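Geometric and topological summary
What follows is the residue order along each chain.
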Amino acid sequence: QVQLAESGGGLVQSGGSLRISCVASGRVLSFNDMAWYRQAPGKQRELVASMDRRGDTVYADSVKGRFTISRDSAKDTFWLQMNSLRPEDTAVYSCNAEVLMHYDGSTWHGWGQGTQVTVSS
């Protein structure tokens, strides 16, 4: 009923920037909560940034001041702007969101397929 699709990953040099997107399709009225996670090889998945329905944000300490989560509700899209990238930011980045599907309060919660971000030194 709802799908999330990420795009915008790729290879970038250390110090560079990337913006990754997460687009929701299907029965979407609005985002409730949204988040970006990442998983590097051999490591556990970690929360990178989140935004709740009020627009309040939370960031991992490792990305504070470098990454910014934002949304455009009219386009059913949210982004992660990543600046001053470091090799240790290399990971598969996945979006996660709770979507309001209907005015009766029905929601959907799920994941995108992930997008690879590789930062070379």
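These numbers were taken from a predicted model, which means no experiment stands behind them.

1. Section: the overall build of the protein chain
- When its secondary structure is counted, the protein chain shows zero helices and eleven strands.
- The linear arrangement of helices and strands in the protein chain, starting from the amino end, is β-β-β-β-β-β-β-β-β-β-β.
- Taken over the C-alpha trace, the protein chain has a radius of gyration of 14 Å; the compact-globule value for 121 residues is 14 Å, and the two agree within 12%.
- Principal-axis analysis of the C-alpha atoms gives the protein chain an extent of 50 × 25 × 25 Å.
- Taking the contacts inside the protein chain whose residues are at least 6 apart along the sequence as the reference set, 56% of them involve residues at least 24 apart.
- As displayed, the protein chain offers around 6400 Å² of accessible surface, 46% of which is attributable to carbon and sulfur atoms.
- For the protein chain, the centre of its 12 positive side-chain charges and the centre of its 12 negative side-chain charges are spaced 3 Å apart.

2. Some thoughts on the nonpolar core
- Among the nonpolar cores identified, the biggest contains 33 residues, and Trp36, Ile69, Phe78, Leu80, Met82 and Tyr93 are the most heavily contacted of them.
- When neighbours within four sequence positions are excluded, Met82 is seen to be in contact with Gly16, Ser17, Leu18, Ile20, Arg66, Phe67, Tyr93 and Val117.

3. Regarding the pattern of salt bridges
- This model, assessed by the stated rule, comprises eight salt bridges.
- Taking the shortest distance from any N to any O, the salt bridge between Arg53 and Asp33 comes out at 3.1 Å. With Arg53 in the loop between strand S5 (46–51) and strand S6 (57–59) and Asp33 in strand S4 (residues 30–39), this pair connects stretches of sequence that are 20 residues apart.
- Among the residues examined, Arg53 registers a relative accessible area of 47% and is labelled partly exposed.
- Between Asp52 and Arg54 there is a salt bridge, and its shortest N-O distance comes to 3.4 Å.
- On the accessibility criterion, Asp52 (19% relative accessible area) is buried.
- Connected through shared salt-bridge partners, Arg38, Glu46, Arg66 and Asp89 make up one network.

4. A look at unusual backbone geometry
- Despite not being glycine, Asp76 shows a phi value in the positive range, around 55 degrees.
- By the secondary structure assignment, Asp76 is in the loop between strand S7 (67–72) and strand S8 (77–82).
- Positive phi, normally seen in glycine, also occurs at Ser84, with a value near 50 degrees.

5. As for the state of the cysteines
- In the structure shown here, the tally under the stated rule is one disulfide.
- Two residues share a disulfide in this structure: Cys22 and Cys95, whose sulfurs sit 2.1 Å from each other. Its S-S torsion of about 60 degrees marks the bond between Cys22 and Cys95 as right-handed, since a negative value means left-handed. Residue Cys22 is found in strand S3 (residues 18–26), and its partner Cys95 is found in strand S9 (residues 91–100); the two are separated by 73 residues along the sequence.

Analysis parameters
- Residues numbered from 1 in each chain as written.
- Predicted model: local features only at pLDDT ≥ 70, side-chain atom pairs only at ≥ 80, totals over all residues.
- Heavy atoms only, no water.
- Helix = DSSP H or I, 4+ residues; strand = E, 2+ residues; numbered from the N terminus.
- Rg over C-alpha atoms; globule rule 2.2 N^0.38 Å.
- Contact = heavy atoms within 4.5 Å.
- Areas by Shrake-Rupley, 256 points an atom, 1.4 Å probe, with all protein chains shown as cover.
- Lys, Arg positive; Asp, Glu negative; His and termini not counted.
- Charge placed at Lys NZ, Arg CZ, Asp CG, Glu CD.
- Core = buried A, V, L, I, M, F, W, Y, C linked by side-chain atoms within 4.5 Å.
- Buried < 20%, exposed > 50% of the residue type's maximum accessible area, 1.4 Å probe, protein only.
- Salt bridge = Lys/Arg side-chain N within 4 Å of Asp/Glu carboxyl O.
- Disulfide = S-S within 2.5 Å.

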